[in-house]
Amino acid sequence: MSARPSTIWCCLLRQVIDQGESLNGPLAALNDRQLRSVVIAIIDEPGADWSVEHLAELAYLSVSAFAERCLKKTGLTPKKLVDQLRLQRARMLLNGSQLPLDLIAEQLGYQSATAFSRFFKKYAGLSPADYRQNYHP
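Residues numbered from 1 in each chain as written. Predicted model: local features only at pLDDT ≥ 70, side-chain atom pairs only at ≥ 80, totals over all residues. Heavy atoms only, no water.

A. Broad picture of the packing of helix α5 (residues 78-96) against helix α7 (residues 113-124). Between α5 and α7, whose axes approach to 10 Å, the crossing angle comes to 100 degrees. The orientation of α5 relative to α7 falls into the category roughly perpendicular. For the pair α5 and α7, the contacting residues are Lys80, Asp83, Gln84, Arg86, Leu87, Ala90, Arg91 and Leu94 in the first and Phe116, Phe119, Phe120, Tyr123 and Ala124 in the second. Here the contact of α5 with α7 is built from residues that sort into eight nonpolar, one polar and four charged. (Axes fitted to C-alpha atoms, helices over the stretch in contact; angles between N-to-C directions. Helix = DSSP H or I, 4+ residues; strand = E, 2+ residues; numbered from the N terminus. Parallel < 35°, antiparallel > 145°, perpendicular 65-115°, else oblique. Contact = heavy atoms within 4.5 Å. Nonpolar A, V, L, I, M, F, W, Y, C, P; charged D, E, K, R; others polar.)

Shown next as structure tokens:
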């Protein structure tokens, strides 16, 4: 299939939204017109420098209004929203590829495999290498 993974994600998520399924966490933002563009942008380019100012700009909201809306709709701060979306991409890359950790780290915006590994272990509870070994098909 030639479609980019983010395009596939967006199509699948659109089906979920159209079917009226309830979403929570980062995906709950897809039910909000102003937050949807933010989530799609992060999915498309997880390694970008996602400051809260940039995210608010994408949502056409002030920083404070964006942070409040993000927390209300997703239960996550803007930083945690970015972290959760990066974590999902990391899981996808660890499961669906044999890319070395330094390349995965680079794609997700981390300066090193060590920084990425700390991030991943913090949120997933195990190292990327252990995750890949335990969950890779």
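Still to come is the rest of the account.
B. Main features of the packing of aromatic side chains. Counting across every chain of the model gives six aromatic pairs. Plain terms: the ring middles of Phe116 and Phe120 are 5.9 Å apart, the flat faces sit at 50 degrees to each other, and that makes the pair tilted. On the criterion of helical spacing, the pair formed by Phe116 and Phe120 is a turn pair, its members being four residues apart in helix α7. Side by side, Phe116 and Phe120 carry an identical accessibility label, which is buried. Ring centres of Phe120 and Tyr131 lie 5.3 Å apart, and the angle between their planes is 70 degrees; on these two criteria the pair is classed as edge-to-face. Within this pair, whereas Phe120 is found in helix α7, its partner Tyr131 is found in helix α8 (residues 128-135), the two being separated by eleven residues in sequence. By the ring-pair criterion, three or more aromatic residues cluster together here, those being Tyr110, Phe116, Phe119, Phe120, Tyr123 and Tyr131. (Phe/Tyr/Trp six-rings, centres within 6.5 Å; stacked < 30°, edge-to-face > 60°. Buried < 20%, exposed > 50% of the residue type's maximum accessible area, 1.4 Å probe, protein only.)

C. Molecular detail of the confidence of the model for the chain. Residues of the chain with pLDDT of at least 70 account for 82%, and the chain-wide mean is 85. Within the chain, the element-level pLDDT minimum falls on helix α1 (residues 5-18), averaging 55, and the maximum on helix α3 (residues 52-58), averaging 97. (pLDDT = per-residue confidence, 0-100.)

D. Here's a closer look at the pattern of salt bridges. Scanning the model with the defined rule gives three salt bridges in all. As a salt-bridge pair, Asp32 and Arg69 come within 2.9 Å of each other at their nearest N and O atoms. Taken together, the residues span a long stretch of sequence, with Asp32 in the loop between α1 and α2 (33-44) and Arg69 in helix α4 (residues 63-74) at a distance of 37 residues. Assessed through its relative accessible area of 29%, Arg69 is described here as partly exposed. The salt bridge involving Lys79 is made with Asp83; its shortest N-O contact spans 2.8 Å. Of the two residues, Lys79 and Asp83 both sit in helix α5, four residues apart, roughly one turn of that helix. Accessibility expressed as a relative area gives 4% for Asp83, which makes it buried. What you see here is one network of salt bridges that share partners, running through Asp32, Arg69 and Lys73. (Salt bridge = Lys/Arg side-chain N within 4 Å of Asp/Glu carboxyl O.)

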